[in-house]
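Here is how the chains run, residue by residue.
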Amino acid sequence: MAEVSRLPMIQLRNLHKSYWMGSNRLHVLKGIDLDIGGGELLSIMGASGSGKSTLMNILGLLDRYDEGSYKLGGEEMSDLSETRAAQLRSQFIGFVFQSFHLIQFKTAAENVALPLYYQSVPRRRRNDLARELLAKVGLGDRTEHLPRELSGGQQQRVAIARALITNPKVLLADEPTGALDSATSFEILKVLQNVQADGVTVIIITHERDIAGMTDRIIHLIDGQIDWDRGIKRHDPAAEIGAAEAGDMSSAGPVVPPAGEATNPGLRP
Ligand code: ADP
Ligand code: MG
């Protein structure tokens, strides 16, 4: 397992976010305090509407917060210009979404290489790196396929490779297995565990406790607040894939801790 840094990659203090619709205020994040160390693999759980995606979008500098503090790599993220936010995103952050967001008329390799096009990396270098990353996620023999010629799990691997090509420090995955069956989901978790082993901080939003059980820490949100936050002993996806394929889910996933006293392991000793 990768070394988890003592220095927080992400530090939130009393973070608040509201959406306004006319004069109606929807208070979505209600004072989030959170430390995430460099190189952690963790999951965020919570009911639909509890604020998971809002939190993720703020972490990914796609959205602003109203109050409190967010430090990424030690730097305060409030009042960023659009330009600076874009610069930090391309330098620090990779995104993976439930619906893959691949460009349908581009090949797997072209999709993966695309972020480097925007960074003016020469074509040859882009393509070499894209193939290298596709091989790393197990798609070395699918580089010239179009998305529609790939399974859902394969498309998500392409999306992960694309997220990694700019060498991000943090990978944010919003329900990356939401569109996949159990066995395929576990394979994606294996890929994400490998990403973490390379030193990337990986944050996964999921509804599924067996998916969360494949990370090292679960943060549970209720109604815009952290209900509980604990370190767990991660499950090995490989051990669960056979069970999932046999339709036996009884061995999958940990017992999620009940709501109770919240612990924030934050920086591991
Ligand atoms: P989750 O990802 O946990 O399902 P979200 O963070 O997407 O929750 O949403 C939290 C709440 O904020 C929901 O009530 C949602 O309808 C609302 N919301 C999310 N985005 C917006 C937005 N851009 N404008 C207004 N309300 C929003
Ligand atoms: Mg969501």
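A brief look at the structure comes next.

Reading guide: rules and limits
- Throughout this description, residue numbers start from 1 for each chain and increase along the sequence as written.
- As they are written, the chains are lettered A onward and the ligands numbered 1 onward, keeping that order.
- Local features are withheld for residues below a pLDDT of 70 in this predicted model, meaning they are given only at 70 or higher, and side-chain atom pairs are given and counted only at 80 or more; totals for whole chains, interfaces and linings count all residues.
- Only when DSSP finds a minimum of two bridges between them are two strands counted as paired.
- Helix numbering and strand numbering both begin at the N terminus, where a helix is a DSSP run of H or I of at least 4 residues and a strand a DSSP run of E of at least 2.
- A fitted line through C-alpha atoms represents every axis, and for helices the fit uses only the stretch in contact; the resulting angles, taken between N-to-C directions, go from 0 to 180 degrees.
- Placing C-beta atoms from the backbone, we regard two residues as in contact once those atoms come within 7 Å.
- Our angle categories are set so that under 35 degrees counts as roughly parallel, over 145 as roughly antiparallel, 65 to 115 as roughly perpendicular, and the remainder as oblique.
- Put simply, a crossing is left-handed when the front helix is turned counterclockwise from the back one by less than a right angle, and right-handed when it is turned clockwise.
- Counting other C-beta atoms within 10 Å of a residue's C-beta gives its exposure: the residue is buried at 20 or more, exposed at 12 or fewer, and partly exposed in between, where C-beta atoms are placed from the backbone.
- Here, the arc refers to the directions that run from the helix axis to the C-beta atoms.

1. Thoughts on the sheet that holds strand β9 (residues 217-222)
Alright, step 1. Taken in spatial order, the 6 strands make up an open sheet running β6-β7-β8-β3-β9-β10, and their pairing is mixed. For this open sheet the edge positions go to β6 (93-97) and β10 (225-231), each flanked by a neighbour on one side alone. Neighbour-to-neighbour, the strand axes of this sheet turn through a mean angle of 15°, independent of strand direction.
Alright, step 2. Inspection of the sheet shows strand β7 (residues 170-174) paired to strand β8 (residues 201-205) by 5 bridges, in the parallel sense. By the bridge assignment for β8, Leu 172 is matched with Ile 203.
Alright, step 3. On the sheet, helix α5 (residues 152-164) packs against β6 and β7 and is oriented at approximately 165° with respect to β6.
Alright, step 4. The strands that helix α6 (residues 182-197) touches are β3 (41-46), β7 and β8; relative to β8, the one it contacts most, it runs at about 150°.

2. Topic: the packing of helix α3 (residues 108-117) against α5
Alright, step 1. Where α3 meets α5, the axes come as close as 7 Å, and the angle between the chain directions of the two elements is 30°. The angle between α3 and α5 falls in the class roughly parallel. Relative to α5, the crossing made by α3 is right-handed. For the pair α3 and α5, the contacting residues are Ala 108, Asn 111, Val 112, Leu 114 and Pro 115 in the first and Val 158, Ala 161 and Arg 162 in the second.

3. Some points on the packing of α3 against helix α4 (residues 123-136)
Alright, step 1. In the contact formed by α3 and α4, the axes pass within 8 Å of each other and the chain directions differ by 125°. Taken as axis vectors, α3 and α4 run oblique relative to one another. Between α3 and α4 the crossing geometry is right-handed. Of the residues in α4, those in contact with Ala 108, Ala 109, Val 112, Ala 113, Leu 116 and Tyr 117 of α3 are Arg 126, Asn 127, Leu 129, Ala 130, Arg 131, Leu 133 and Leu 134.

4. Description of helix α8 (residues 237-245)
Alright, step 1. Listed as buried for α8 are Pro 237, Glu 240 and Ala 244. The buried residues of α8 occupy an angular sector of 65° when the element is viewed end-on, so they sit on one face. Those residues of α8 that are exposed and aimed more than 90 degrees away from the buried face are Ala 238, Ala 239, Gly 242 and Glu 245.
Alright, step 2. Next to the buried residues of α8 lie α6 and α7 (209-212).

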